[in-house]
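A structural walkthrough
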Amino acid sequence: IRKNQEKEKKTHMKKVISLIIILSIFIPIVLFQGCGYYSSFTAYYNTYYNAKIEFEEGIRKHEETLQSGKRKSKNANYKNFQNAMDKCWKIIEFHGYENKYSDDAVLMIIKCEYYLGKITSAHNHIQAFQEKFPNSDLTGELNLWQGKCFLVERDTALAVESFNKALVRANDSK
């Protein structure tokens, strides 16, 4: 009986040691994969946050220029909008269009292009947005910016059509 107990004890110890070895291999793998996702998300979020700050600063300067009655200067806000666009392009470069937050970055690029007077480029990115993100929650807002771009081009018919799409989208989301 004593030999059987010792044999069972050795077998049990081998199982425990095997389990410890297996866990010591798999736990770090699981943890590091989780950290990769976390660092990827935080890198995205920090970059987008900084882009948003640059964009908002550009808007603030733009509004100050309009309120002061001075002629609108492209250079006054150029740096902020360009910085915001650069940060958004970095997000897309590092995370691709498949990332669930890429539509935010592309929409911000479109907004920056609008304020920089790059209407043709904004239209191109609007079309790309519609192709890449057909089910985005941001489609209604995209339609508003598309309408604004059409107004700059004095195409009121297409502007009204875009604004109507935005209204329909807003009503559907209620």
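What comes next concerns the included structure. In this convention, every chain numbers its residues from 1, walking through the sequence in written order. Local features in a predicted model are, by the rule used here, given only for residues with pLDDT of at least 70; side-chain atom pairs are given and counted only at 80 or more, and totals for whole chains, interfaces and linings are based on all residues. Water and hydrogen atoms were dropped before computing side-chain values, which therefore reflect all heavy atoms in the structure.

**With respect to the pattern of salt bridges**
Throughout this description, the term salt bridge denotes a Lys or Arg side-chain nitrogen within 4 Å of a carboxyl oxygen of Asp or Glu. Overall, the coordinates contain 4 salt bridges when judged by the stated rule. A salt bridge links Glu57 to Arg60; the shortest N-O distance between them is 2.3 Å. In this pair, Glu57 and Arg60 are both assigned in helix H1 (residues 2–68), 3 residues apart and thus about one turn of the helix distant. Accessibility here uses a 1.4 Å probe with only protein chains present; expressed as a share of the type maximum, an area under 20% marks a residue as buried, one over 50% as exposed, and anything in between as partly exposed. Using a relative accessible area of 37% as the deciding quantity, one classes Arg60 as partly exposed. Glu161 serves as the salt-bridge partner of Lys165, at 3.8 Å between the closest nitrogen and oxygen. Highlighted residues: Lys165 and Glu161, both in helix H6 (residues 156–172), separated by 4 residues, approximately one helical turn. What makes Lys165 partly exposed here is its relative accessible area of 41%. Since its relative accessible area comes to 41%, Glu161 is described here as partly exposed. In this text, helices come from DSSP runs of H or I with a minimum length of four residues, and strands from runs of E with a minimum of two, each type numbered from the N-terminal end.

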